[in-house]
Amino acid sequence: MLLREITQLPQNPTPLTFSEIPEPALDAGEVLLRVTACGVCHTELDEIEGRTPPPRLPVVLGHQVVGILESDSLLSKPHEQAHGCQSDGLPSKPQRQAAGLQSGQRVGVAWIASACGECNFCKSGLENLCPQFKATGRDVDGGYAEYMKVRADFVHPIPDSFSDAEAAPLLCAGAIGYRSLRLSNLQDGQSLGLTGFGGSNHLVLKLAKHVFPNAKIFVFSRNPKEREFALSLGAAWAGGIDQSPLGELDSVIDTTPVWGAVSEALKRVRPGGRVVINVIRKEESDKSILNQLDYPSQLWMEKEIKSVTNVTCADVREFLQVAAEADIKPEFQEYDLKDANQALLEMKQGKIHGSKVLRV
Ligand SMILES: [Zn+2]
Ligand SMILES: [Zn+2]
């Protein structure tokens, strides 16, 4: 499914075209994946609509990819400048990692397609901030396809307990949710607000309930069905984005495309509390609300705003591990690959229940 031009939904309901393209030619250090499932992420809308445009077109979108390693590709030479993921705290050895991969093995690919491995960010485990960060399905072709190529040192083994479709949303929605929860500074027994309740925050709720069993979780969503869904997963309260639960929140994780949600969240966090914005781009439509920010009630008292940017390999691998241990599985709807446009359109229109996964 190729994106050929920047366009707007829903005016153009079919931004992607079902196309026949050659199997990817491998460079050194890359392996070939036969894709079996790919999650659909709100970031794809940001790419299609030009808020985080791909540097070249056409491009294959998709960065929550599950697939099987094709045998021949494992013979390709290691990447000359490969430094790989640093998830074990040791300088990683791409040759070793690539050699450890088995033909027929099931692996996942996340938003992080590669990073330089040499800058101070990469060396300190913050490869998500690397100036040479490359994103799957934006800077390189992704998983809305039958085959994709990927750096051997940036694939992640998938625990056996997940089906392909269950694993796909864990690779972005889950992994970045994991990073958001970590950056929220939440402690057990505290109160967490979640604004927006789509692919990522429903996994954050499940994760937070596992890691912080005494935390109280408050869900803010415009959609009554999502509020019901949140309560069924154990939220202490669910209401509209402009409604107030009793008491102040210790932290809030915002996954909405609008600024109004940030403004409301800043009213609700306690002194010293933190609002974590887990989106790659905000839409411009209600940006003027920022001019009405009230410094004394919304920012003073050491309230903080922190954005979440990309993911590290450690985020992906640690989250997959925790999710397997805690049996955290996404709620998802499946679509055929060729129906990707329909999945994207429904996401744009807010018809979201959990995650969306393309079956390839
Ligand atoms: Zn994503
Ligand atoms: Zn770097």
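Predicted model only: the values in this text are computed from it and were never measured. (Residues numbered from 1 in each chain as written. Chains lettered and ligands numbered in written order. Predicted model: local features only at pLDDT ≥ 70, side-chain atom pairs only at ≥ 80, totals over all residues. Heavy atoms only, no water.)

Caption draft 1: The arrangement of the packing of aromatic side chains in detail. Enumeration according to the criterion identifies four aromatic pairs in this entry. Centre to centre, the rings of Tyr-178 and Phe-319 are 6.0 Å apart; their planes meet at 50 degrees, and the pair counts as tilted. Remark: Phe-319 occurs in helix H9 (residues 313-326) and Tyr-178 occurs in helix H4 (residues 164-183); sequence separation between them is 141 residues. For Tyr-178, a relative accessible area of 14% puts it in the buried group. (Phe/Tyr/Trp six-rings, centres within 6.5 Å; stacked < 30°, edge-to-face > 60°. Helix = DSSP H or I, 4+ residues; strand = E, 2+ residues; numbered from the N terminus. Buried < 20%, exposed > 50% of the residue type's maximum accessible area, 1.4 Å probe, protein only.)

Caption draft 2: How the structure looks around the coordination of the zinc ion (ligand 1). Cys-41 (SG), His-63 (NE2) and Cys-172 (SG) make up the full set of protein donors to the zinc ion (ligand 1), lying at 2.0 to 2.2 Å. Spacing between the donor residues of the zinc ion (ligand 1) along the chain follows C-x21-H-x108-C. Residue Cys-41 is located in the loop between strand S3 (30-40) and helix H1 (42-48), and its partner Cys-172 is located in helix H4; the two are separated by 131 residues in the primary sequence. With a relative accessible area of 13%, Cys-41 lands in the buried category. (Donors = N, O, S within 2.8 Å, 3.2 Å for Na, K, Ca; no water.)

Caption draft 3: Expanded view of the coordination of the zinc ion (ligand 2). For the zinc ion (ligand 2), the protein coordination sphere consists of Cys-116 (SG), Cys-119 (SG), Cys-122 (SG) and Cys-130 (SG), at 2.3 to 2.4 Å. Because the angles between the four donor atoms bound to the zinc ion (ligand 2) fall within 105 to 115 degrees, the donor set is best described as tetrahedral. Mapped onto the sequence, the residues coordinating the zinc ion (ligand 2) show the spacing C-x2-C-x2-C-x7-C. Of the two residues examined, Cys-116 and Cys-119, each falls in the buried class. (Tetrahedral: all angles 85-135°; square planar, octahedral: opposite > 155°, others 65-115°.)

Caption draft 4: Layout of the pairing of strand S6 (residues 106-109). A two-sided burial pattern is seen for S6, the buried positions comprising Arg-106 and Gly-108 on one face and Val-107 and Val-109 on the other. As defined by bridge partners, strand S5 (residues 65-69) adjoins S6 across four bridges and the pair is classed as antiparallel. The partner of Val-66 across the bridge, within S6, is Gly-108. For S6 and strand S10 (residues 156-157), the ladder comprises two bridges, and the chain directions are antiparallel. Bridge pairing in S10 links Gly-108 to His-156. (Pairing = 2+ DSSP bridges.)

Caption draft 5: Broad picture of a nonpolar patch on the surface. A contiguous nonpolar patch, built from Phe-121, Leu-126 and Leu-129 and spanning about 230 Å² of accessible area, is present on the exposed surface. Relative to the assigned elements, Phe-121 resides in helix H3 (residues 120-123). (Patch = residues over 30% accessible without salt bridge, like charges linked within 9 Å, V, L, I, M, F, W, Y side chains within 5 Å. Areas by Shrake-Rupley, 256 points an atom, 1.4 Å probe, with all protein chains shown as cover. Salt bridge = Lys/Arg side-chain N within 4 Å of Asp/Glu carboxyl O.)

Caption draft 6: Inspection of the nonpolar core at higher detail. Leu-181, Leu-192, Leu-194, Phe-197, Leu-205 and Val-219 are the most contacted members of the largest nonpolar core, which totals 58 residues. If you list the elements that add at least two residues to this core, you get H4, strand S11 (191-195), helix H5 (199-211), strand S12 (216-220), helix H6 (224-232) and H9. No other element matches H4, which puts twelve residues into this core. Sequence-distant contacts of Leu-192, defined by excluding residues within four places in its chain, comprise Leu-181, Leu-186, Val-204, Ala-208, Lys-216, Ile-217, Phe-218, Leu-249, Ser-251, Val-252 and Ile-253. Grouped together as the second largest cluster of nonpolar side chains are 34 residues, Leu-2, Leu-33, Leu-69 and Ala-145 included. (Core = buried A, V, L, I, M, F, W, Y, C linked by side-chain atoms within 4.5 Å. Contact = heavy atoms within 4.5 Å.)

Caption draft 7: Region of the structure containing the packing of H4 against H9. Their axes nearest at 9 Å, the elements H4 and H9 cross at an angle of 95 degrees. Taken together, the axis directions place H4 and H9 in an arrangement best described as roughly perpendicular. Residues Leu-170, Leu-171, Gly-174, Ala-175, Tyr-178, Arg-179 and Arg-182 of H4 touch H9, and the partners they reach there are Asp-315, Val-316, Glu-318, Phe-319, Leu-320, Val-322 and Ala-323. Among the residues forming the contact of H4 with H9, the class breakdown is nine nonpolar, one polar and four charged. (Axes fitted to C-alpha atoms, helices over the stretch in contact; angles between N-to-C directions. Parallel < 35°, antiparallel > 145°, perpendicular 65-115°, else oblique. Nonpolar A, V, L, I, M, F, W, Y, C, P; charged D, E, K, R; others polar.)

Caption draft 8: Quick look at the confidence of the model for the protein chain. Mean pLDDT over the protein chain stands at 92; residues scoring 70 or higher make up 92%. Across residues 87-97 the pLDDT falls below 50, and counting only partners more than four positions away or on other chains, this stretch makes 15 contacts in the model. (pLDDT = per-residue confidence, 0-100.)

Caption draft 9: Focus on the sheet that holds strand S13 (residues 237-239). Sheet architecture is open: six strands sit in the order S13-S12-S11-S14-S15-S16, paired in parallel fashion. Both outer strands of the open sheet, S13 and strand S16 (304-307), are each paired with one neighbouring strand and no more. Sheet twist, expressed as the average angle between the axes of neighbouring strands with direction ignored, equals 20 degrees. Packing of H4 onto the sheet brings it into contact with S11, strand S14 (249-254), strand S15 (269-277) and S16, and relative to S15 it is tilted by some 160 degrees.

Caption draft 10: A look at the side chain of Thr-7. One can find Thr-7 in the loop between strand S1 (2-3) and strand S2 (16-17). Polar contacts involving the side chain of Thr-7 include one to the side chain of Asn-12, which spans 3.1 Å. Thr-7 has contacts with Asn-12, Pro-15, Ile-48 and Glu-49, leaving out every residue within four places of it along the chain. (Polar contact = N/O pair within 3.5 Å; in protein donor to acceptor, adjacent residues only side chain to side chain.)

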